[in-house]
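# Chain and residue survey
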Amino acid sequence: MQNCPRTMSAETYRDPARFEAERRAIFARSWQFIGHARELSAMGDAISANIAGFPIVAVRAEEGLRAFHNVCRHRAGPLFTQDKGNCGGRLTCAYHGWAYDLEGRLRNARDFGPAQGFDPRDFSLLPVRIAQWMDLLFVHIAEGGHDLEVHLAPLGRRMGDHKLMQTVPAGRRTHDIACNWKIYVENYLEGYHIPSVHPALDAEIDSLKYEVTLEGDVCFHAAPLRDAATQAVYNGLWAFVSPNLGVNVYGHGFMMERVMPLGHQRTRLIYDYYLTSEIARDPVQTEKILNMSAHVTAEDKWICEKVQENIEAGVYDTGVLSPRHEQGVAWFQRRVSAALS
Ligand code: FES
Ligand SMILES: [Fe+2]
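Residue positions are given per chain, counting from 1 as you read along its sequence in written order. A letter from A marks each chain and a number from 1 marks each ligand, given out in the order of writing. Selection of residues for local features in this predicted model requires a pLDDT of at least 70, selection of side-chain atom pairs for listing and counting requires 80 or more, and totals for whole chains, interfaces and linings are taken over all residues.

For the rest of this paragraph, the subject is the sheet that holds strand β1 (residues 32-36). For two strands to pair, DSSP has to find at least two bridges joining them. Helix numbers and strand numbers start at the N terminus; a helix is a DSSP run of H or I with at least 4 residues, a strand a run of E with at least 2. Read across the open sheet, the seven strands follow the order β1-β10-β9-β4-β3-β2-β5; overall the sheet is antiparallel. Looking at strand neighbours, the two that pair on one side only are β1 and β5 (84-86), the edges of this open sheet. For this sheet, the mean inter-axis angle between neighbouring strands, taken without regard to orientation, is 30 degrees. Pairing of strand β2 (residues 45-51) with strand β3 (residues 54-61), which is carried by six bridges, proceeds in the antiparallel orientation. Bridge pairing links Ser48 to Val57 in β3. Axis lines are fitted through C-alpha atoms, for helices just across the contact stretch, and the angle between N-to-C directions can take any value from 0 to 180 degrees.

See below:
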């Protein structure tokens, strides 16, 4: 019989100091999905992201992709203020108008005036690593860590032949949840709650045959579709890429689900949908897929917010994890604890 692991302590989910430590130890030290290569196809195309409080901008420069902290070197103003667009060849600060080229070099400190000892070469934007895997773009704030290829290799082995590449961007939805990001991730990492929390999803998949497999930085969940669910939205495969990315595979595409902390009790889910062009052209089918995930998310939001409230109540410290159903949660908690130790 397998051991029954204890959960992390309640303090882990409600302590603002703990969240500050996680920003640096986890979010700055992992590959973070930021978008699709199509969004950075022309020179000057740019996308921004906020990764646990680190504002990032990624651009298509002459020599390839570049990413920087979206923080001006003058007095910390913002450079690129849209979600995506084209910056016109210069990243220009919205505060006093300093302009940087797409390599991050300061080209014009607008009307700064004569200033002894001021050398623009000392004020380049602070770079961030960026890499592409298939058509998906990721950034890594701190030095070190795995190469992106190694990080995502299990995903390639399991899903490489799944129409990941024959899809087009089909929209974004965001959902804000009043809970710690780890509560949402842990909920994502087990199917134990499906019969109680998601009756409609439970009708599509056979949750009794739900299987969790761990491979490197990825945790796979699979459940066979029920015979009657021939019109199912889901394909029965979900991957979670440590520390905060869900890859939800559908019958006609997939959705990248970012779990982004906004604070120790606030989390934003960013859902980017990629569907086959045939389905993406059909508004009825696209709506059906978006509505199904919105429905499941509303159910998860409800339960995760209740759990956060109960954690805040201060009567619960630690619990236990089922070896049969919650080995994904135990895996995640081991990784979080190791990153912080
Ligand atoms: S803060 Fe950017 S130009 Fe002043
Ligand atoms: Fe759920």
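Further remarks concern the sheet that holds strand β7 (residues 99-100). The strand order across the open sheet formed by three strands is β6-β7-β8, and the pairing between neighbours is antiparallel. A strand with exactly one partner marks an edge of an open sheet, and here the two such strands are β6 (91-92) and β8 (106-108). Here β7 pairs with β8 via two bridges, running antiparallel. Residue pairing across strands places Tyr100 opposite Leu106, the latter belonging to β8.

To continue, consider the packing of helix α2 (residues 16-27) against helix α9 (residues 327-340). In contact at an axis separation of 9 Å, α2 and α9 are set at 100 degrees when each is read in the N-to-C sense. In terms of orientation, α2 and α9 fall into the roughly perpendicular class. Packed against α2, whose contacting residues are Ala21, Glu22, Ala25 and Ile26, the element α9 presents Val336, Ala339 and Leu340 at the interface. Residue composition of the contact of α2 with α9, by class: six nonpolar, no polar and one charged. For classification purposes, an angle smaller than 35 degrees is called roughly parallel, one larger than 145 roughly antiparallel, one from 65 to 115 roughly perpendicular, and anything else oblique. Residues are treated as contacting if the C-beta atoms built from their backbones sit within 7 Å of each other. Ten residue types, Ala, Val, Leu, Ile, Met, Phe, Trp, Tyr, Cys and Pro, are classed as nonpolar, four, Asp, Glu, Lys and Arg, as charged, and the remainder, Gly among them, as polar.

Glancing now at unusual backbone geometry. Residue Ser242 is joined to Pro243 through a cis peptide bond whose omega torsion reads 5 degrees. Here the phi dihedral of Ala52 falls at roughly 50 degrees; this positive angle occurs in a residue that is not glycine. Each residue is classed by its C-beta neighbour count within 10 Å, where at least 20 other C-beta atoms makes it buried, 12 or fewer makes it exposed, and intermediate counts make it partly exposed; the C-beta atoms are placed from backbone geometry. The class for Ala52 is buried, based on 22 C-beta atoms found within 10 Å. Positive phi, normally seen in glycine, also occurs at Asp111, with a value near 50 degrees. As for its position among the elements, Asp111 is in the loop between β8 and β9 (127-133). The class of Asp111 is exposed, set by 7 C-beta atoms lying within 10 Å.

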